[in-house]
Amino acid sequence: MAALVAPASQPAAADVAADIAQLLAELDRELVGLAPVKKRIAEIAALLAVDRARAQHGLAGPPPGLHMCFTGNPGTGKTTVAMKMAGILHRLGYSRKGHLVAVTRDDLVGQYIGHTAPKTKEVLKRAMGGVLFIDEAYYLYRPENERDYGQEAVEILLQVMENQREDLVVILAGYKDRMDRFFECNPGFASRIAHHVDFPDYSREELMRIAALMLERMGYRFDAGARAAFERYLERRMARPHFANARSVRNALDRARLRHASRVFVKLAEADRDTLTTIVASDILASRVFEQEEGTTDEHG
Amino acid sequence: MRVTQGAFSFLPDLSDAQIRAQVEYCLKNGWAVSVEHTDDIHPRNTYWEMFGMPMFDLHDAAGVMQEIDACRKTFPNEYVRVNAFDSTRGWETVRLSFIVNRPPAEPGFRLRRTEAEGRVQRYSIEAYAADRPHGERYR
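Quick caveat: nothing in here was measured; it's all calculated off a predicted structure. (Residues numbered from 1 in each chain as written. Chains lettered and ligands numbered in written order. Predicted model: local features only at pLDDT ≥ 70, side-chain atom pairs only at ≥ 80, totals over all residues.)

**Digging into the overall build of chain A**
- Per the secondary structure count, chain A includes 13 helices and seven strands.
- Counting only C-alpha atoms and orienting by the principal axes, one finds that chain A spans roughly 70 × 55 × 35 Å.
- In chain A, of all internal contacts separated by at least 6 residues, the share reaching a separation of at least 24 is 77%. (Helix = DSSP H or I, 4+ residues; strand = E, 2+ residues; numbered from the N terminus. Contact = placed C-beta atoms within 7 Å.)

**Some thoughts on the overall build of chain B**
- Along its length, chain B carries two helices and six strands.
- Helices (α) and strands (β) of chain B occur, in sequence order from the N terminus, as α-β-β-α-β-β-β-β.
- Over its C-alpha atoms, taken along the principal directions, chain B stretches across nearly 60 × 40 × 25 Å.
- For chain B, buried positions account for 27% of its 139 residues.
- Of the contacts formed within chain B by residues at least 6 apart in sequence, a portion of 52% connects residues at least 24 apart. (Buried ≥ 20, exposed ≤ 12 C-beta atoms within 10 Å, placed from the backbone.)

**Observations concerning the sheet that holds strand β2 (residues 49-50) of chain B**
All names here are of chain B.
- Sheet architecture is open: four strands sit in the order β2-β1-β3-β4, paired in antiparallel fashion. Across the chains shown, the open sheet's two edge strands, defined by having one partner strand only, are β2 and β4 (93-101).
- As paired elements, strand β3 (residues 79-86) and β4 share seven bridges and run antiparallel to each other. By the bridge assignment, Asn 83 is partnered in β4 with Ser 97.
- Packed on one face of the sheet, helix α2 (residues 62-74) meets β1 (32-38), β3 and β4 and runs near 5° to β1. (Pairing = 2+ DSSP bridges. Axes fitted to C-alpha atoms, helices over the stretch in contact; angles between N-to-C directions.)

**So, the interface of chain A and chain B**
- Contacts between the two partners involve twelve residues from chain A and, on the opposite side, twelve residues from chain B.
- Tallied by class, residues from the side of chain A that touches chain B come to four nonpolar, three polar and five charged. (Nonpolar A, V, L, I, M, F, W, Y, C, P; charged D, E, K, R; others polar.)

**Comments concerning the nonpolar core**
All names here are of chain A.
- By size, the foremost hydrophobic cluster in this structure holds 75 residues, and its most contacted members are Val 131 and Ile 171.
- Sorting elements by how many residues they give to this core places helix α3 (residues 78-91) first, with six residues.
- Beyond its immediate sequence surroundings of up to four residues, Val 131 is in contact with Ala 82, Met 85, Ala 86, Leu 89, Ser 95, Leu 100, Val 169 and Ile 171.
- Ranked by size, the runner-up nonpolar core spans 18 residues in total, among them Leu 207, Ala 229, Leu 234 and Ala 256. (Core = buried A, V, L, I, M, F, W, Y, C linked by C-beta atoms within 7 Å.)

**Quick notes on helix α9 (residues 204-218) of chain A**
All names here are of chain A.
- Spanning 15 residues, α9 covers 21 Å between terminal C-alpha atoms, matching the ideal 21 Å at 1.5 Å per step.
- Every buried residue of α9 is accounted for by Leu 207, Ile 210, Ala 211 and Leu 215. One side of α9 holds all its buried residues, which, seen down the axis, span an arc of 135°. For α9, the exposed residues set more than 90 degrees away from the buried face come down to Glu 205, Glu 216 and Arg 217. (Expected span 1.5 Å × (residues − 1). Arc of directions from axis to C-beta.)

**Structural notes on the packing of α9 of chain A against helix α10 (residues 224-239) of chain A**
Residue and element names in this part refer to chain A.
- Packing of α9 against α10 leaves a shortest axis separation of 10 Å and a crossing angle of 125°. Relative to α10, the element α9 lies oblique. In the crossing of α9 with α10, the sense of the turn from one axis to the other is right-handed. Two secondary-structure elements touch here, α9 through Arg 204, Leu 207, Met 208 and Ala 211 and α10 through Phe 230, Glu 231, Leu 234, Glu 235 and Met 238.
- Partitioned by chemical class, the residues of the contact of α9 with α10 number six nonpolar, no polar and three charged. (Parallel < 35°, antiparallel > 145°, perpendicular 65-115°, else oblique. Left-handed = near helix turned anticlockwise from the far one by under 90°.)

**Some words on unusual backbone geometry**
- Within the chain, Asn 245 of chain A stands out as a residue other than glycine whose phi angle is a positive 45°.
- If you trace the backbone, Asn 245 of chain A turns up in helix α11 (residues 245-265).
- With phi around 60°, Asp 57 of chain B is a residue other than glycine that occupies positive phi space.
- Its place among the elements puts Asp 57 of chain B in the loop between β2 and α2.

**Re the environment of Met 55 of chain B**
- Relative to the helices and strands, Met 55 of chain B resides in the loop between β2 and α2.
- A residue is classified by how many C-beta atoms lie within 10 Å of it, and Met 55 of chain B, with 19 of them, is partly exposed.
- Distance in space between the C-alpha atoms of Met 55 of chain B and Ala 32 of chain B is 5.6 Å, their sequence separation being 23 residues.
- Look past the residues within four positions of Met 55 of chain B in its chain and what remains in contact with it is Lys 125 of chain A together with Ala 32, Val 33, Ser 34, Gly 63 and Val 64 of chain B.

Shown next, in the form of structure tokens:
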């Protein structure tokens, strides 16, 4: 009968170390900046590797709690890192399946009495063996409405986070100040989360590198003039309200692509490979950010 | 008399680790797993009571194990089974079904003979436990 259950394979410690080094190198390549985040991931990786080595010597302890809270301004890569985290934890052997279930308040909190618990439990069941990512987690709890069903979802979450650590990793994400207020109202939550990771804003150089990465993935490139123009663009855009870091960069690039397309479209028949892939300075400089008048606060620059 | 319905029922009861492995197999194939219970074990009783909704989009057996445990705790004296439903076009049916909980004592079935027209005799079976009303069987 025992043959029905396959034995779990345990890789050697040296393999694990090499795998972790490779993983961290990959992370370094794919994510620009975010030094504190990478440091924390390296620490977690080391902890898990040491834990596994300890287990081989019969020093098994309870599994470490890996619930995390990602705070930071918009566009600093919280969701991207959460997506990667699921894969990382899977490769480190902590999470069994390594999938990510991304939810918001709507997926957890019900509409009427008795609706919330089954809804939350269903989401939790789907996330078991992987990572549950709750974006903008502070919406779960609305202190101004005492009959809000969010509290019920919070309680079920807390219970599972405490009792089924080996089945599920919960990652909360949101803006720093609002998360802090959320934790103030739910002290149990803050204490059950071992890792509070703050995502710093990107510097201009980092944003330029991000732009280069994004362009490469889209199959475009800047010429020298466009690069300089984009640097000037970033300088101005960063000073304006509602700057959303990498997200603003992506939006700016998308709009540059639009302008590039309408420029090339006029003479589409004679467009060669170079014309089709090169974004020039005028594509960037047409942005509204370069207009002198102030007062526009919208994101469409 | 040990009830033999569904897969693995001629084997000793599956351990939790074995049940988990079976559920993992079902999920790997993309089948929706559900938990059902009954205290009417007649072989023709195809549709048992559902314990919660069938579970779609699961990746890991932990959620199913949790449901199985909850069902066993709620109905310790009933039969509990796990079904795996394959929604692939052309199949659209239960692909695997096995019992994961039984009452402590299984009294078995009575063979009932009914005289019919002429010298014809009709046979039927019914569980001894079914003599008692629903909800009070296997106590």
